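# Reading the structure
What follows is the residue order along each chain.
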Amino acid sequence: MIEIIPAIDLIGGDCVRLVKGDYEQKTVYSKDPVEVAKVFQDTGIRRLHLVDLDGAKTGKIINLSILESIASQTSLMIDFGGGITSDEDMNAVYNAGADIATIGSVAIKEPEKFLEWIAKYSSARMLLAADVKNDLLAIAGWQEITSRNIFDYLQQYSQPGLQLFCTDIHKDGRLAGPSFDLYERLVISFPEMKIIASGGVTDIEDIAKLEKIGCSGVIIGKALYEGRITLKQLKPYLH
């Protein structure tokens, strides 16, 4: 069964959502992300996707204290990303309570370092983040589009058990439906990896379709906060 993973994106300590990765198109949904996480847990959610957008933009972890608060006040499995660039950052994130470290820019710019982290911490504790626009990788909090194709890039990391979440920037925050074609191609091309869909999920039918394609998980953000998908609708997926 596909894993439901709600997202909490952080800017200045607030729970926010962006549109197409644009920091100027920001909506604040809550001033208390810890309470948002507690609501998710009370519904039966088991995992949380926590993103330090300040950290992603600056290259330095900013919202570590919120990770600590959520980890200490809930039993959620937390994957945390945004600004992780060093071994010290990795240790800080794990010590703060993250179960999984989300790595994006480092895996693109310093593949040797990322492979070392996989060997050191195990693939189960790593989440490879790949943000794309027209199949090209984007980095630095989606501020920079590279010339690297996602499918060529992933060849070096194709190994059993590694989780990949891929966000189509065109779709993110627009409630226009996910990039089903992209995820289907990823599932077919990298059957040994766990593919997690992210961006554009609009209604409960989208989740059913992503499960049918073969995605192992789905990250849901704006659709939850805007009430397009209710926590009650997700109940059948929370066993």
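Structure: see above.
Residues numbered from 1 in each chain as written. Predicted model: local features only at pLDDT ≥ 70, side-chain atom pairs only at ≥ 80, totals over all residues. Heavy atoms only, no water.

### Digging into the layout of surface pockets
Its volume calculated, the second largest pocket comes out at about 180 Å³. As for the second largest pocket, its lining consists of M1, I2, E3, I4, G44, I45, R46, R47, M77, Y237, L238 and H239. (1 Å grid on protein atoms, 1.4 Å probe; cavity = no way out; pocket = protein on both sides within 12 Å on 5 of 7 lines; lining within 4 Å. Points joined across faces, edges and corners; volume = space filled by probe spheres on them.)

### A word on the pairing of strand β2 (residues 14-19)
Of all the 6 residues making up β2, 6 are buried; the element is thus mostly covered by neighbouring parts of the structure. Alignment of strand β1 (residues 3-11) against β2, held across 3 bridges, turns out to be antiparallel. Among the inter-strand pairings, D9 is bridged to a residue of β2, identified as V16. The hairpin formed by β1 and β2 contains 2 residues between the paired strands, and G12 there has a positive phi angle of roughly 60°. Relative to strand β3 (residues 22-30), β2 is paired through 5 bridges, and the arrangement is antiparallel. Considered in β3, the bridge of C15 is made with S30. (Buried < 20%, exposed > 50% of the residue type's maximum accessible area, 1.4 Å probe, protein only. Helix = DSSP H or I, 4+ residues; strand = E, 2+ residues; numbered from the N terminus. Pairing = 2+ DSSP bridges.)

### Structural notes on the packing of aromatic side chains
The relative placement of two aromatic rings is captured by the distance of their centres and the angle of their planes. One pass over the full model with this rule turns up 6 aromatic pairs. With a centroid separation of 5.1 Å and 20° between ring planes, the pair formed by Y29 and Y225 is classed as stacked. Highlighted residues: Y29 in strand β3 and Y225 in helix α10 (residues 222-225), separated in sequence by 196 residues. Ring geometry for F114 versus Y157: centroids 5.0 Å apart, planes at 85°, classification edge-to-face. With F114 in helix α6 (residues 111-121) and Y157 in the loop between α7 (150-154) and β10 (163-168), the pair connects residues that are 43 residues apart, well separated along the chain. The residues F114 and Y157 share a single accessibility class, namely buried. Cluster of aromatic residues (ring-pair linked, three or more members): Y29, F40 and Y225. (Phe/Tyr/Trp six-rings, centres within 6.5 Å; stacked < 30°, edge-to-face > 60°.)

### Quick look at the nonpolar core
Core analysis: the biggest nonpolar cluster contains 72 residues, and I8, I103, M126, L128, L186, I207 and I220 have the highest contact counts within it. Element by element, the count of residues in this core is highest for helix α8 (residues 180-189), at 5 residues. Excluding residues that lie within four positions of it along the chain, I207 makes contacts with I2, I4, V201, V218, I220, I229, L234 and Y237. Counting residues in each nonpolar core, the second largest holds 8 residues, with I5, A129, I196 and I219 among its members. (Core = buried A, V, L, I, M, F, W, Y, C linked by side-chain atoms within 4.5 Å. Contact = heavy atoms within 4.5 Å.)

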